[in-house]
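Chain by chain, the residues run as shown.
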Amino acid sequence: MIQIDDKIISLELFTARFSCDLKACRGECCVEGNAGAPLDEEEIAMLEGEWDSYAPYMTPEGKQAVEEQGVAVIDEDGDLTTPLVDGAECAYTIRENGVTWCAIEKAWSEGKTPFRKPISCHLYPIRLVKLSNGMTGLQYHRWEVCRAAEILGARKGEPLYKTLREPIIRRFGEAFYREMEACEDELRKMGEI
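Sequence order sets the numbering: in each chain, residues are counted from 1 along the sequence as written. For this predicted model, a pLDDT threshold of at least 70 governs which residues receive local features, and a threshold of 80 or more governs which side-chain atom pairs are given and counted, while totals over whole chains, interfaces and linings are taken from all residues. Excluding hydrogens and water, the side-chain values take into account all heavy atoms of the structure.

A. Main features of the sheet that holds strand 1 (residues 2-4). Pairing between strands is defined by DSSP: at least two bridges between the two strands are required. Each helix is a run of H or I in the DSSP string that is no shorter than four residues. Each strand is a run of E no shorter than two, and both are numbered from the N terminus. What the 4 strands build is an open sheet, ordered 1-2-8-7; its pairing is mixed. Each of the sheet's edge strands pairs with one partner strand only, and the pair in question is strand 1 and strand 7 (126-130). Averaged over all neighbouring strand pairs, the angle between strand axes comes to 25°, with direction disregarded. Across 3 bridges, the pairing between strand 2 (residues 7-9) and strand 8 (residues 136-140) is parallel. What sits directly across from K7, in strand 8, is T136. Sheet contacts for helix 11 (residues 174-189): strand 1, strand 2 and strand 8; angle to strand 1, the most-contacted strand, approximately 150°. Note on geometry: axes are lines fitted to C-alpha atoms, helical ones only across the stretch in contact, with angles between N-to-C directions running from 0 to 180 degrees. Residue contacts follow a heavy-atom distance rule, with two residues in contact if any of their heavy atoms lie within 4.5 Å.

Right, dumping it as structure tokens:
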């Protein structure tokens, strides 16, 4: 583990290789699982405020799920998450050309909203964990539906944290990312990665 400020970072973020391969997985991470994507409190206001921007991209079933459940729900672990359609896929999913992805991100890509998507989705497979001492842990979440991403990542050879540069900076800032780069250099010098 590496500590930067109040963040504890798993070494796997420096050693794992991961690159989303939507052609292979077809966006299964938006469909599989036992709960929706984790949400931050701040994201709920954004989801509510931007509803008119991204709702036109959603499926009728997804819109109905949000209208019935709200933009966020509390899952069985007591965490805020995106609502699900029939206990399966995220309410914000869309399907295009056989690939499942995010209606919010589609609206963002077309300039309809400043909100790209929940940070937990943008950071995936990095999961943020609130530790008992008040610090935040950054962990690599391994999931069988992402096996193709590990294979593609191994071919590309770039460390996981570099693959996820943009969402790391979005969540923690440029200075934090530069600290991660410095940590990688030190770990290499020490022969730990």
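Picking up after the structure, the text goes on.
B. Seen up close, the packing of helix 10 (residues 165-172) against helix 11. With their axes 7 Å apart at the nearest point, helix 10 and helix 11 run at an angle of 130° to one another. Between helix 10 and helix 11, the angle falls in the class oblique. Contact residues: helix 10 offers R165, I168, I169 and F172, while helix 11 offers E174, F176, Y177 and M180. If an angle is under 35 degrees, it is roughly parallel; if it is over 145, roughly antiparallel; if it lies from 65 to 115, roughly perpendicular; otherwise it is oblique.

C. Just unusual backbone geometry, in detail. Cis geometry marks the peptide bond from Y124 to P125; its omega dihedral reads 20°. Its location among the elements puts P125 in the loop between helix 7 (119-123) and strand 7. Even without glycine at this site, D5 takes up a positive phi of about 55°. Take D5: it is sitting in the loop between strand 1 and strand 2. Phi at R26 takes a positive value of approximately 60°, unusual for a residue other than glycine.

D. Looking closely at the pairing of strand 6 (residues 99-102). Bridge count for strand 5 (residues 93-96) against strand 6 is 4 bridges, and the pairing is antiparallel. What sits directly across from I94, in strand 6, is W101. Counting the residues in the hairpin turn of strand 5 and strand 6 gives 2 residues, including N97, whose phi is positive at 50°.

E. Expanded view of the pattern of salt bridges. Put simply, a salt bridge is a Lys or Arg side-chain nitrogen that is within 4 Å of an Asp or Glu carboxyl oxygen. Scanning the model with the defined rule gives 14 salt bridges in all. Two residues, R142 and E12, come together in a salt bridge whose shortest N-O distance is 2.9 Å. Residue R142 is found in the loop between strand 8 and helix 8 (147-156), and its partner E12 is found in helix 1 (residues 12-15); the two are separated by 130 residues along the sequence. On the accessibility criterion, R142 (49% relative accessible area) is partly exposed. A relative accessible area of 28% means that E12 is categorised as partly exposed. Within the structure, one salt-bridge network assembled from shared partners comprises E12, R142, R147 and E150. Each residue is placed in one exposure class: buried if its accessible area under a 1.4 Å probe, protein chains only, is under 20% of its type's maximum, exposed if it is over 50%, and partly exposed if it falls in between.

F. The nonpolar core, seen in detail. Residues grouped as a nonpolar core are buried Ala, Val, Leu, Ile, Met, Phe, Trp, Tyr and Cys residues, joined through side-chain atoms within 4.5 Å. Counting 26 residues, the largest nonpolar core has I9, L13, I168 and M180 as its most contacted members. Residue assignment for this core shows that the elements contributing at least two residues are strand 1, helix 1, helix 7, strand 8, helix 9 (160-163), helix 10 and helix 11. The residues touching I168, leaving out its near neighbours within four places in the chain, are L123, I126, Y161, G173, F176, Y177 and M180. A55, Y57, V66 and C90 belong to the second-largest nonpolar core, a separate cluster that totals 22 residues.

G. Region of interest: the pairing of strand 7. In this sheet, strand 8 lies alongside strand 7 in antiparallel orientation, the contact comprising 5 bridges. Paired with K130 across the strands is T136, a residue of strand 8. Counting the residues in the hairpin turn of strand 7 and strand 8 gives 5 residues, including G134, whose phi is positive at 90°.

H. Up close: the state of the cysteines. When the sulfur atoms of two cysteines come within 2.5 Å, that pair is taken as a disulfide. By the definition in use, this model includes 0 disulfides. You can see C20 has no disulfide; the closest cysteine sulfur is in C25, sitting 6.4 Å from it. When its relative accessible area of 56% is taken as the criterion, C20 is described as exposed. Not part of a disulfide, C90 finds its nearest cysteine sulfur in C121, a span of 6.3 Å. When its relative accessible area of 14% is taken as the criterion, C90 is described as buried.

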